[in-house]
Amino acid sequence: MICKASPYRTKLKDNATPTIFDLTSHPNNPQCRQRKRIKELSKAEAGQMKERKKDSADQSKTNTNYAEGQDDPETNDTTQLTSKEKEHREYLKSLFEVIVVLGKQNIPLNRHTKEVQESKCLTPSNFKALLEYRMNAGGDDALRKRFEMSAMNAECCTVTQQMQMMEVCESCIREELLREVREVRFFSLVTDDVVEISGESHLPMFLRFLDQANCLREDFVGFLPFEGEDEILMERLLTEVTKKWGLNMDYCRGQAHFSSGVHSSKIKAIATKLTEMYPTAVYTPRSTCALNASLASGVALTGVQIVMSTFKKIESFFNEASSLQLELENAISIFYQGNEEKANDLKEACRTNWTVRHDAFEVAVDVLESLLLCMDSVHDNEDLRWSDQVTNDALEISEALADFEFVATLVVLKNTLSFTRAFGKNLQGPTMDVYFAANSLTAVLHSLNEVSDNIDVYHEFWFEEAVNLAAALEIPVKVPRLYLRKHHAESGTEIQPESYFKEHLTAPVVSHVINELNDLFSENHLNALRCLTLVPAVMGQLKFNTSEENNVEMYRSDLPNADTLPTELHCWRVKWKHRGKVTLPSTVHETLQLAEVKFFPNVLAFLRVLCNLPVLSLDVDGDASRKRFQMYLENTPDKHRSKSLAFLNIHYNARHDLDIMVDSYIKMYPENESYEKVCQPVD
């Protein structure tokens with residue numbers, strides 16, 4: 001919709017989509033719902049209308065002149081810059097362009113430590129080397145002139161100024177992303193596991209939203225310092241999202257977190273507080289992480305964390321060389337000589353990232369003997385095939401595997417999470433499977449509660465399985481050494497392994513899984529998933545006998561006209577029931593792409609809100625930002641990690657405007673604007 005009297009220049013983009021505007025049907029404006037009859041104007045009224053149109057045309061002409069720079073004071077201010085100021089801006093643009101290139105290629109601006117920099121006996125930094133190359137290549141007069149006019153001992157861009165400019169680059173590119181989120185209003189907040197950057201803990205943050213093209217995205221938006229108590233972290237997160245990013249948490253429709261180890265309790269406290277403050281920010285699992293892996297990572301027990309960290313080491317170990325994978329497959333063939341089918345299944349599983357699969361713990365138990373044999377063989381290195389680093393890594397993994405606490409924990413996790421394996425797999429499956437998974441949660445919780453009520457019986461079977469597996473691996477059954485050292489003297493009696501692992505492993509793991517499922521799948525979350533019946537394929541599977549009215553109560557304020565929802569839902573069902581020979585859309589994304597969905601405004605609005613739930617799978621390209629984030633962490637050593645460089649590298653394809661960056665830099669750091677401040681002599 002274009003207002004001709006607007007003071008701003010308005011131009012349709014090439015891909016502009018025509019839209020129906022019904023400005024009188026909003027429920028907050030009931031008195032305007034009835035169409036008014038056209039009033040016949042008198043001669044006096046007609047004259048007044050002509051005068052208003054003339055004034056509007058004059059105003060439009062004036063605004064056009066402003067747009068062309070004829071009388072606009074702001075434009076005149078820009079054109080009145082002195083030649084020195086213009087040269088300074090061109091110089092800053094050159095610096096920003098170099099920083100953006102380095103950031104997007106993940107090249108540190110300075111590869112030397114602070115101590116080495118002070119020694120003065122070193123090659124130039126990456127930043128300075130690229131500037132010199134740019135000058136020598138020609139074509140950048142502003143940069144060359146600045147260096148020629150500088151003193152021989154002048155440092156034309158200090159490390160502090162480089163950091164400031166990187167922060168400005170990050171801020172400007174993030175603002176483009178946040179502008180898209182504000183336009184669509186609704187979003188979800190997603191966090192990843194805490195990472196170390198420059199020796200400090202940071203929480204990676206993502207925003208999940210449906211953009212104007214109906215493409216579901218989950219984009220990285222930055223790192224949040226993760227130091228302090230729960231209340232401080234909560235206040236810092238809300239300040240970042242609302243004040244710095246300018247987002248309204250009332251439009252947050254979901255939250256999902258992945259955490260491990262000591263950070264789990266803090267993340268859980270943040271999630272609980274967010275749910276209390278914003279009930280519509282539904283707490284859900286992440287669609288990009290297997291449910292069982294997420295449940296296990298959140299257990300704060302030492303044994304469980306050892307298992308999960310060992311899984312990461314195993315994955316990294318076999319990614320180093322394909323020959324290591326062949327070594328494991330040879331070990332599997334040795335242990336499963338009489339069962340070729342089982343051996344082939346395990347080999348196929350080990351060629352994937354099995355440590356993050358839904359059945360990771362089942363695979364680990366089956367392959368444990370082969371895995372230990374492989375690690376011992378690599379560590380022995382009799383034929384000198386492996387490097388010292390590989391053999392040391394193999395020894396570290398072997399020592400972890402050959403401990404009874406690891407074996408017992410692995411068996412307990414396998415048996416406990418077997419009840420949630422199929423449930424979690426369905427959550428990451430097609431939309432129809434997600435809907436049926438939501439309705440199967442009651443049965444899953446019933447089975448787990450039965451285990452909890454009869455924990456003595458189940459633990460006896462599971463402990464016996466762990467003992468038998470340990471015997472096959474020649475691992476002694478014993479209580480962990482650290483626990484014995486702390487509690488043996490206090491108890492005065494010998495501590496039995498079976499009672500220890502029941503009290504400190506089996507019972508806590510089962511209790512954690514039950515509590516976490518109840519938190520992750522609240523009634524609001526389940527009601528939202530039950531509304532997946534709006535997807536025509538799910539509706540057809542249920543023979544079009546569905547009723548969503550009672551499940552959308554929480555989202556009524558998000559609908560354009562909630563009063564007509566029952567009638568609209570009835571028409572929606574009738575439409576697809578009598579569709580003829582047409583393939584039914586099977587996902588929320590496919591449904592949103594339909595041309596006719598715009599004639600069902602409440603359905604359209606609700607589907608757009610529903611797809612923000614982090615539990616629903618992303619499109620093929622929707623998690624590209626997360627994949628680039630993982631690649632950055634894997635390929636960048638800790639000492640070279642930078643928040644701003646990480647952001648630029650992850651958003652490699654993001655648009656950037658050098659003029660906006662220069663304006664933002666001058667506004668944020670006015671003390672660096674002058675020539676004297678930029679080129680500082682070095683003692």
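Everything discussed here concerns the structure shown above.
As the structure is a prediction and not an experimental result, all values here were calculated from the model.

*Asks:* Quick question: what am I supposed to make of the overall build of the protein chain here?
*Replies:* A tally of regular secondary structure across the protein chain gives 30 helices and eight strands. Counting only residues that meet the buried cut, the protein chain has 45% of its 683 residues in that class. Counting contacts in the protein chain only where the partners sit at least 6 residues apart, residues at least 24 apart contribute 73% of the total. As presented, the protein chain carries roughly 36,700 Å² of accessible surface, and 50% of it is formed by carbon and sulfur atoms.

*Asks:* Before we go on, may I ask you to explain the packing of helix α18 (residues 431-453) against helix α19 (residues 455-472) in this structure?
*Replies:* In a pair of packed helices, the angle between the axes and the distance between the axes together describe the arrangement. Packing of α18 against α19 leaves a shortest axis separation of 5 Å and a crossing angle of 90°. Here α19 runs roughly perpendicular to α18, going by the angle between their axes. Contacts from Glu450, Val451, Ser452 and Asp453 of α18 reach α19 at Ile455, Tyr458 and Trp462. Classifying every residue of the contact of α18 with α19 by side-chain character gives four nonpolar, one polar and two charged.

*Asks:* Teacher, can you tell me more about a positive patch on the surface here?
*Replies:* There is a patch of like positive charges on the surface, built from Lys478, Arg481, Arg485 and Lys486. Judged by relative accessible area, Lys486 falls into the exposed class, the value being 55%.

*Asks:* Explain empty space enclosed by the protein to me, please; I cannot follow it from the model alone.
*Replies:* On inspection of all chains with the given rule, the structure shows six cavities of 30 Å³ or more. Taken as a whole, the largest cavity encloses approximately 50 Å³ of empty space. Lining the largest cavity, in full, are Pro285, Arg286, Ser287, Cys289, Leu291, Gly424, Leu427, Gln428 and Val615. Its residues assigned to classes, the lining of the largest cavity shows five nonpolar, three polar and one charged.

*Asks:* What is the right way to look at the nonpolar core in this model?
*Replies:* Soluble globular proteins: nonpolar side chains tend toward being buried together. One finds Phe317, Phe318, Phe361, Leu410, Phe423, Leu517 and Leu613 to be the most contacted residues of the largest nonpolar core, which totals 120 residues. In terms of residue count, the dominant contributor to this core is helix α14 (residues 360-380) (twelve residues). What Leu613 contacts, discounting residues up to four positions off in sequence, is Ser188, Arg208, Arg253, Val282, Thr284, Ala528, Leu529 and Tyr555. By size, the runner-up hydrophobic cluster in this structure holds 41 residues, among which are Leu131, Phe220, Ala646 and Leu648.

*Asks:* Would you mind showing me how to read the pattern of salt bridges here?
*Replies:* Oppositely charged side chains are able to pair whenever their charged atoms sit close together. Using the criterion set out here, one finds 34 salt bridges in the structure. Here Lys342 and Asp366 are joined by a salt bridge, their closest N and O atoms 3.0 Å apart. One end of the pair, Lys342, is in helix α13 (residues 340-350); the other, Asp366, is in helix α14, with 24 residues separating them in the sequence. Judged by its relative accessible area of 27%, Lys342 falls in the partly exposed class. You can call Asp366 partly exposed: its relative accessible area is 26%. Measuring nitrogen to oxygen at the nearest pair gives 2.3 Å for the salt bridge that ties Asp456 to Lys502. In this pair, Asp456 is assigned in helix α19 and Lys502 in helix α21 (residues 497-520), connecting sequence segments 46 residues apart. By sharing partners, the salt bridges in this structure join Glu180, Asp211, Arg217 and Asp219 into a single network.

*Asks:* How do you make sense of a nonpolar patch on the surface when you look at a structure like this?
*Replies:* A surface patch of nonpolar side chains, amounting to about 250 Å² of accessible area, comprises Ile334, Phe335 and Leu373. Locating Ile334 in the fold gives a position in helix α12 (residues 322-335).

*Asks:* Sorry if this is basic, but what is going on with the layout of surface pockets here?
*Replies:* The space that makes up the second largest pocket amounts to roughly 1,300 Å³. Lining the second largest pocket are 32 residues, and of these Lys312, Glu315, Val356, Gln630 and Glu634 sit closest to its centre. Only β3 (195-197), α10 (291-297), α11 (302-318) and α27 (624-635) provide two or more residues apiece to the lining of the second largest pocket. Here the lining of the second largest pocket takes seven residues from α11, the largest share from any one element. Looking at the lining of the second largest pocket residue by residue, the class counts come to ten nonpolar, eleven polar and eleven charged.

*Asks:* Whenever I open this one, the pairing of strand β2 (residues 187-191) confuses me. Can you help?
*Replies:* Two faces belong to every sheet, and in a regular strand the side chains alternate between them. The element β2 is largely enclosed, with a buried count of five among its five residues. Residues Phe187, Leu189 and Thr191 line one face of β2 and the alternating positions Ser188 and Val190 line the opposite face, and both faces are buried. With five bridges joining them, β2 and strand β6 (residues 252-257) adopt parallel strand pairing. Looking at the pairing, Thr191 lines up with His257 of β6. The pairing of β2 with strand β4 (residues 200-210) spans four bridges and is classified as antiparallel.

*Asks:* Please explain the packing of aromatic side chains as it appears in this structure.
*Replies:* Between two aromatic rings, the relevant description is the distance of the centres plus the angle of the planes. Under the counting rule described, the total for this entry stands at 23 aromatic pairs. Ring centres 5.6 Å apart and planes at 25° place the aromatic pair Phe220 and Phe629 in the stacked group. Of this pair, Phe220 sits in strand β5 (residues 216-225) while Phe629 sits in helix α27, placing them 409 residues apart in sequence. Here the two residues Phe220 and Phe629 agree in accessibility, since each one is buried. Grouped by ring-pair contacts, the aromatic residues Phe206, Phe220, Phe223, Phe629 and Phe647 constitute a single cluster. Here the guanidinium or amino end of Arg174 rests over the ring plane of Phe647, the centre of that ring lying 5.0 Å away. Of note, Lys575 hangs over the ring of Trp576, and the distance from its end group to the ring centre comes to 4.8 Å.

The rules we used
Residues numbered from 1 in each chain as written. Predicted model: local features only at pLDDT ≥ 70, side-chain atom pairs only at ≥ 80, totals over all residues. Heavy atoms only, no water. Helix = DSSP H or I, 4+ residues; strand = E, 2+ residues; numbered from the N terminus. Buried < 20%, exposed > 50% of the residue type's maximum accessible area, 1.4 Å probe, protein only. Contact = heavy atoms within 4.5 Å. Areas by Shrake-Rupley, 256 points an atom, 1.4 Å probe, with all protein chains shown as cover. Axes fitted to C-alpha atoms, helices over the stretch in contact; angles between N-to-C directions. Parallel < 35°, antiparallel > 145°, perpendicular 65-115°, else oblique. Nonpolar A, V, L, I, M, F, W, Y, C, P; charged D, E, K, R; others polar. Patch = residues over 30% accessible without salt bridge, like charges linked within 9 Å, V, L, I, M, F, W, Y side chains within 5 Å. Salt bridge = Lys/Arg side-chain N within 4 Å of Asp/Glu carboxyl O. Lys, Arg positive; Asp, Glu negative; His and termini not counted. Charge placed at Lys NZ, Arg CZ, Asp CG, Glu CD. 1 Å grid on protein atoms, 1.4 Å probe; cavity = no way out; pocket = protein on both sides within 12 Å on 5 of 7 lines; lining within 4 Å. Points joined across faces, edges and corners; volume = space filled by probe spheres on them. Core = buried A, V, L, I, M, F, W, Y, C linked by side-chain atoms within 4.5 Å. Pairing = 2+ DSSP bridges. Phe/Tyr/Trp six-rings, centres within 6.5 Å; stacked < 30°, edge-to-face > 60°. Lys NZ or Arg CZ within 6 Å of the ring centre and 35° of its normal.

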